[in-house]
Amino acid sequence: MWHNKTSMEVLASLNTYAVQGLSNEEVAKRQEEFGWNELREKKKRSFLQKFLDQFKDFLIVVLLIAAAIEFVAKEYVEAVVILAIVILNALLSLYQEGQAEKSLESLKKMSAPEAKVLRDGKKIIVPARDIVPGDIVILDAGDIVPADIRLITTSNMKIDESSLTGESVAVEKDSESIGSLDANLGDRTNMAYMSSIVTYGRGSGVVVETGHNTEIGKIATQIEDIKDELTPLQEKLEKLGKILGYLTIGVCAIVFILGLIQKREILHMLLVSVSLAVAAIPEGLPAIVTIVLSIGMNRMVRKNAIVKKLLAVETLGSTTVICSDKTGTLTQNEMTVTRLYANHEFLEVTGKGYEPKGEILKDGKPISKQTFGHLKALFYASILDNDAELSASNNLYSIIGDPTEGALLTLAGKMGFTKEEVEVEQPRIDELPFDSERKMMSTFHTTPDDSKVVQYVKGAPDIVLSRSKYIYTEEGIRLLEAHDYQRVEEANLTMAKDALRVLGYAFKMNQVDEDGRFEKNEDDLIFIGLTGMIDPPREEAKDAIALCKDAGIDTVMITGDYQETAFQIAKELGIVTSHEETISGQELSKLSDEEYLDIVKRIKVYSRVSPEQKVKIVQALRQHDDVVAMTGDGVNDALALKRSDIGISMGITGTDVAKNTADVVLTDDNFASIVHAVEEGRIIFANIQKFVLFLLSCNIGEILLVFFAMVFGWQEPLKPIHLLWLNLITDSLPALALGVEPGEPGIMKLKPRSKNDAIINTNMTVTIVLQSIAIAAATLISFNWALNLYPDSITHARTIVFSTLILSELLRAFSSRSLDRPLWEIGLLTNKKMISAVSISFSLLLVALYIPFMQTIFDTFALGWKDWRIVVSLAIVPFIVGELYKVLKNLLVRK
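Residues take numbers from 1 onward in each chain, read along the sequence in its written order. Where local features are concerned, this predicted model is filtered to residues with pLDDT of at least 70; where side-chain atom pairs are given and counted, the filter is 80 or more; whole-chain, interface and lining totals use all residues. Note that the side-chain values use all heavy atoms of the structure and ignore hydrogens as well as water.

1. Describing the overall build of the protein chain
At step 1: For helices the rule is a DSSP run of H or I covering at least 4 residues; for strands it is a run of E covering at least 2, with both sets numbered from the N terminus onward. Along the protein chain, the regular secondary structure elements total 33 helices and 28 strands.
At step 2: Counting only C-alpha atoms, the protein chain reaches 125 × 75 × 50 Å along its principal axes.
At step 3: Burial statistics for the protein chain: of 895 residues in total, 56% are counted as buried.
At step 4: Contacts are assigned to residue pairs that have any heavy atoms within 4.5 Å of one another. Put simply, of all contacts in the protein chain between residues at least 6 apart along the chain, 72% involve residues at least 24 apart. Relative accessible area decides the class of each residue, using a 1.4 Å probe on protein chains only: under 20% of the type maximum gives buried, over 50% gives exposed, and in between gives partly exposed.

And the structure:
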């Protein structure tokens, strides 16, 4: 491992030189050996391949056979309609998966376009793709690291590795350090990784890995290797399709054999079989599912969740575990000072975020904003020894610069001190920048007394305290004594245990000589106090986690932050109660796959984890049959996002890689938005169940009608075009209205359904059987009545059956609005789209019956009042049966 070797060992193993670099001839050889420093792109399927894949579905094959039989029988209208349905469904499915995979393109974009290298002893700029192992790269602040590099020299260097490790704070780099063999990426301080950004200082290093061998390249390769899996809804619809397909073939075979026994013509029986196939297959189902999911997507956008993959809408509803990042999702991503320590006493700070609104409390009471003495010195130090800026736009505050320093500006602002005003009073004239050895930063400022310069110091509490000789209290400045050191150290430890990031402050007055010079040392300081800050939890996240518990959903925190910080935040949010529910990445690295399986149901907080460990956590949870939603914003999250059932990326802080790999993008980076999306997913699945129940009860009713008409030796009650009209026109509009049915009360109090649960449960099965029998019985009675009344007009008789079937299905749609509650409890007008859908479908029936050219196409007859009386009286029967079943079932449940 490169991080486990000295820089000299690495240079020797790569046969290169820190001062000279590689020769151009050697570079050419290595490019031949190692290839370009870029990420290879996986070959994509063509549009034609994707289109042809849509015709592999079992039900589609059945419909294609049905269309072929219609062509042979010269029933061209029916044949064209069936083919049009098949092609439309194929195009809809193609559109549905049309979001092309862009993960690799995003990874390529993240690579640096150019890099500064040493070749033949000269510093030159080359395209990043030309870099080879052994190249010496020069890095300055603002540069994107072009490859994986073992650092040779560093000067105050900090690198933002958040996209790889999840660590929100830039990492200090030290070329002299030697990492342990099992060190996590975030702890390898002598390495710089491709796509990370140099935020401070400078350095140089030797390229050790390029292209797909880099850490980011390994992620790209693993993303390529992960095959898209079927969502729970896809699996359920596929299973349902196969059942319907086998049922269709079985019924068609029985009817065909029965017809041959009755000595009917073979071609005629083939057409009857086509009628049954058309009746059995809910042709509108794929289109309705697509449209309902699209409507759900639009509703989720209004709740700050953009769903990229259509079927992910429903999968959200079956989520059993949400694995969430901490920073910005469960927390505000705005560092906030919550506690001060000065004059040997703690002060509490109210208010959250960067808005300078809040108070400082002493014994629960606000201190005066006209503060002088030691506290004023603390606020001045926090403002002046600070390079950040607080920006406000439309009452929204943001930070330009380091978030830690931004929190200090906000703290001072709460007491009425602004950087602009204080800098006018005490302008900065010099500074000693922060570095990792001193762990301090000093700035020097003029004062109204020209003979003195004030020096403010900020840094690690133990270092600042060790450099201090005096202490500033409300009585004034005095010598630091042993008990002072002890009390400050105890205060620092107390705040650190509460997961606060603690900084110490001091100052001193430096004498200016006649030449305007002054001392710039950091000794004999006057200690002022401490501040403790944290990225506070989102209040709405706490409520959302409580809602998850009620809904039977576990919340798991996976973070690159330190274990104690993660534990304290998780405890405040209600995720954990004890340290036994937490584990670090280093501890995870020692576990076997079996041990992973044992601990994942118990552990709720994972800290300092690597990308591979995130994937293993997700896989272990899925092996427990959990449906896992995983949030992430960095490149390091891409694998876990891809492996999870639902990948959720952050829209504000997320990298392009995370956004393009994810199924869902949160526009507000808020955990509460995930819970809203889960609720919407549950509502959508419940509505899918409702319209599947509606469509199947209607379709099976149609099968029974045709089947028993054959058994009784009657003519076919309906032609294929009638059944197509029923399935596509009559049923589709009410089914769409069922798809937008409002959520039923208490939907988030229910436990998540198992991923193995079928769309059709026992309750639905009973309902389908009852409704199908009721629909078939009503229409068979109407057909028998019509055949007796109009023995010479099969068209008239079929029109009565057609009308009875349509009206019974439209009334059935109202009953399908709830599986358990009768219509009078729901309210007839609570879904106005249903009223509109039924009205339109019934109006279209009248068009088919009374417009002459439509009568020709659909072979219908204009019914009179006498006909309508029997139609209405029989059509209402299935509705009554459905509502009575709900009432009786509820009575039995209550008993």
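2. Topic: unusual backbone geometry
Most of the time, phi is negative for any residue but glycine, and the peptide bond is trans.
At step 1: The backbone of D363 shows a phi angle near 55°, a positive value even though the residue is not glycine.
At step 2: The topology assignment puts D363 in the loop between β12 (360-362) and β13 (365-366).
At step 3: With a phi angle near 65°, D625 is a residue other than glycine that sits in the positive phi range.
At step 4: With respect to the secondary-structure elements, D625 resides in the loop between α22 (611-623) and β26 (628-632).
At step 5: Looking at D625, the relative accessible area reads 43%, which means it is partly exposed.

3. Quick word on a nonpolar patch on the surface
At step 1: The patches reported here contain residues having more than 30% relative accessible area and no salt bridge. Joining distances are 9 Å for like charges and 5 Å for nonpolar side chains (Val, Leu, Ile, Met, Phe, Trp, Tyr). Computed with the Shrake-Rupley method and a 1.4 Å probe, the accessible areas treat only the protein chains shown as cover for residues. Counted as salt bridges are all cases of a side-chain nitrogen of Lys or Arg within 4 Å of a carboxyl oxygen of Asp or Glu. A cluster of nonpolar side chains, V77, V847, I851, F853 and I857, forms an exposed patch at the surface whose accessible area comes to about 420 Å².
At step 2: If you trace the backbone, V847 turns up in helix α31 (residues 832-850).

4. A word on the packing of aromatic side chains
At step 1: The rule is short: rings of Phe, Tyr and Trp, with Trp giving its six-membered ring, pair when the centres are within 6.5 Å, and they are stacked under 30 degrees, edge-to-face over 60, tilted in between. Taken as a whole and assessed by the stated rule, the structure comprises 11 aromatic pairs.
At step 2: Relative to F417, the ring of Y380 lies with its centre 5.7 Å away and its plane at 80°, an arrangement referred to as edge-to-face. Of the two residues, Y380 sits in helix α13 (residues 374-384) while F417 sits in the loop between α14 (403-413) and α15 (419-425), which places them 37 residues apart along the sequence. When sorted by exposure, Y380 lands in the same class as F417, which is buried.
At step 3: With 5.8 Å between their ring centres and 70° between their planes, W714 and F783 make a pair best called edge-to-face. On the criterion of sequence distance, the pair formed by W714 in the loop between α25 (671-711) and α26 (720-730) and F783 in helix α28 (residues 762-789) is long-range, its members being 69 residues apart. Taken individually, W714 and F783 each receive the classification buried, so the pair is uniform in this respect.
At step 4: A network of ring pairs unites the aromatic residues F707, F708, F712, W714 and F783 as a single cluster.

5. A closer look at the nonpolar core
At step 1: Among the buried residues, those of types Ala, Val, Leu, Ile, Met, Phe, Trp, Tyr and Cys that are joined through side-chain atoms within 4.5 Å form a nonpolar core. By size, the foremost hydrophobic cluster in this structure holds 121 residues, and its most contacted members are I648, F671 and F691.
At step 2: Broken down by element, the residue count for this core peaks at 19 residues, all from α25.
At step 3: Sequence-distant contacts of F691, that is, excluding residues within four places in its chain, are made with L285, I288, V289, V292, A735, L738 and G739.
At step 4: Ranked by size, the runner-up nonpolar core spans 39 residues in total, among them I138, I583, I603 and I617.

6. Topic: the pattern of salt bridges
At step 1: In the structure shown here, the tally under the stated rule is 33 salt bridges.
At step 2: With its nearest N and O atoms 3.3 Å apart, the salt bridge here joins R428 to E431.
At step 3: One salt bridge in this structure joins R467 and D523, with 3.6 Å as the shortest N-O distance. Placement of R467 in the loop between α16 (461-466) and β19 (468-473) and of D523 in the loop between β21 (501-511) and β22 (525-534) is noted, with a sequence separation of 56 residues between them.

7. Things to note about the side chain of S324
At step 1: Within the secondary structure, S324 sits in strand β9 (residues 321-324).
At step 2: Ignoring any residue separated from it by four or fewer positions in sequence, one finds S324 in contact with T329, L330, V556, M557, I558, T631 and F671.

8. Focus: the sheet that holds β26
In any sheet, the strands associate via hydrogen bonds between backbone groups, in a parallel or an antiparallel arrangement.
At step 1: Pairing between two strands is assigned when DSSP locates at least 2 bridges connecting them. One open sheet accounts for eight strands, arranged β8-β28-β27-β26-β9-β23-β25-β24; its pairing is mixed. Taken across any chain shown, the strands that pair with only one partner, and hence form the sheet edges, are β8 (305-307) and β24 (582-584). Sheet twist, expressed as the average angle between the axes of neighbouring strands with direction ignored, equals 20°.
At step 2: Of the strand pairs in this sheet, β9 and strand β23 (residues 554-559) are connected by four bridges, and their pairing is parallel. Within β23, the position partnered with V321 by the bridge is D554. Axis definition: a line fit to C-alpha positions, over the contact stretch in the case of helices; interaxial angles, taken between N-to-C directions, run 0 to 180 degrees.

9. Structural notes on the pairing of strand β15 (residues 396-400)
At step 1: Relative to β15, strand β14 (residues 389-393) is paired through five bridges, and the arrangement is antiparallel. Opposite S393, over in β15, you have L396 as the bridge partner.
At step 2: Once β14 ends, the chain turns through two residues before running back antiparallel as β15, passing N394 with a positive phi of about 55°.

10. A few points about helix α27 (residues 732-739)
At step 1: Of all the eight residues making up α27, six are buried; the element is thus mostly covered by neighbouring parts of the structure.
At step 2: S732, P734, A735, A737, L738 and G739 are the residues of α27 that are buried.

11. Focus: the packing of α28 against helix α29 (residues 794-815)
At step 1: It is at 9 Å that the axes of α28 and α29 come closest, and there the two elements cross at 155°. Judged by the inter-axis angle, α28 sits roughly antiparallel to α29. Where α28 crosses over α29, the two elements pack in a sense that is right-handed. Of the residues in α29, those in contact with T767, Q771, I775, A778, T779, S782, F783, W785, A786 and L787 of α28 are I794, A797, R798, I800, V801, T804, L805, S808 and R812. Reported orientations rely on four angle classes, namely roughly parallel under 35 degrees, roughly antiparallel over 145, roughly perpendicular from 65 to 115, and oblique for the rest. Handedness of each helix crossing follows the sense of rotation of the near helix against the far helix: counterclockwise by less than a right angle gives left-handed, clockwise gives right-handed.

12. Points about the environment of F518
At step 1: Following the sequence through the fold, F518 ends up in the loop between β21 and β22.
At step 2: Residues F518 and V453 lie 65 residues apart in sequence; the distance between their C-alpha atoms is 7.6 Å.
At step 3: With residues near it in sequence (within four places) discarded, F518 still touches I429, D430, F444, V453, N510, Q511 and V512.

13. Quick notes on α31
At step 1: Each residue after the first adds 1.5 Å to the expected span of a helix. For α31, built from 19 residues, the straight-helix expectation of 27 Å at 1.5 Å per residue is met to within 8% by its first-to-last C-alpha distance of 27 Å.
At step 2: Every buried residue of α31 is listed here: M834, A837, V838, S841, L845, A848 and L849. Projected down its long axis, α31 carries its buried residues within an arc of 110°, all on one side. With respect to the buried face of α31, the exposed residues turned more than 90 degrees away are K832 and K833. Note that the arc is defined by the directions from the helix axis to the C-beta atoms.

14. Re the packing of α27 against α31
At step 1: Direction vectors running N to C along α27 and α31 enclose 175°, while the axes themselves pass 8 Å from each other. Accordingly, the angle class assigned to the pair α27 and α31 is roughly antiparallel. Each of L733, P734, A737 and L738 in α27 lies in contact with α31, whose residues at this interface are K833, M834, A837, I840 and S841.
At step 2: Residues of the contact of α27 with α31, tallied by class, amount to seven nonpolar, one polar and one charged. Classes in brief: Ala, Val, Leu, Ile, Met, Phe, Trp, Tyr, Cys and Pro nonpolar; Asp, Glu, Lys and Arg charged; the others, Gly included, polar.

15. Regarding a negative patch on the surface
At step 1: When charges are counted, Lys and Arg contribute as positive and Asp and Glu as negative, whereas His and the chain ends are disregarded. A charged residue contributes its charge at one atom only: NZ of Lys, CZ of Arg, CG of Asp or CD of Glu. Taken together, the side chains of E389, E420, E421 and E423 present a region of like negative charge at the surface.
At step 2: With three residues, α15 is the largest single contributor of residues to the negative patch.
At step 3: Along the chain, E423 falls in helix α15.

16. A few points about the state of the cysteines
At step 1: Sulfur atoms of two cysteines make up a disulfide when they are within 2.5 Å. Per the stated rule, a full pass over the model turns up zero disulfides.
At step 2: In this model C323 remains outside any disulfide bridge; the closest cysteine sulfur is found in C548, 12 Å from its own.

17. Remarks on the confidence of the model for the protein chain
At step 1: A residue's pLDDT is simply how confident the predictor is in it, with values from 0 to 100. When pLDDT is averaged across the protein chain, the result is 84; 91% of the residues are at 70 or more.
At step 2: Here residues 96-112 scores under 50 on pLDDT; set against residues more than four positions off or in separate chains, the count is 46 contacts.

18. Comments concerning the environment of G585
At step 1: Along the chain, the position of G585 falls in helix α20 (residues 585-588).
At step 2: On the accessibility criterion, G585 (0% relative accessible area) is buried.
At step 3: Spatially, the C-alpha atom of G585 lies 9.4 Å from that of Q563, the residues being 22 residues apart in sequence.
At step 4: The contacts of G585, once residues within four sequence positions are left out, are N184, S607, R608, V609 and Q613.

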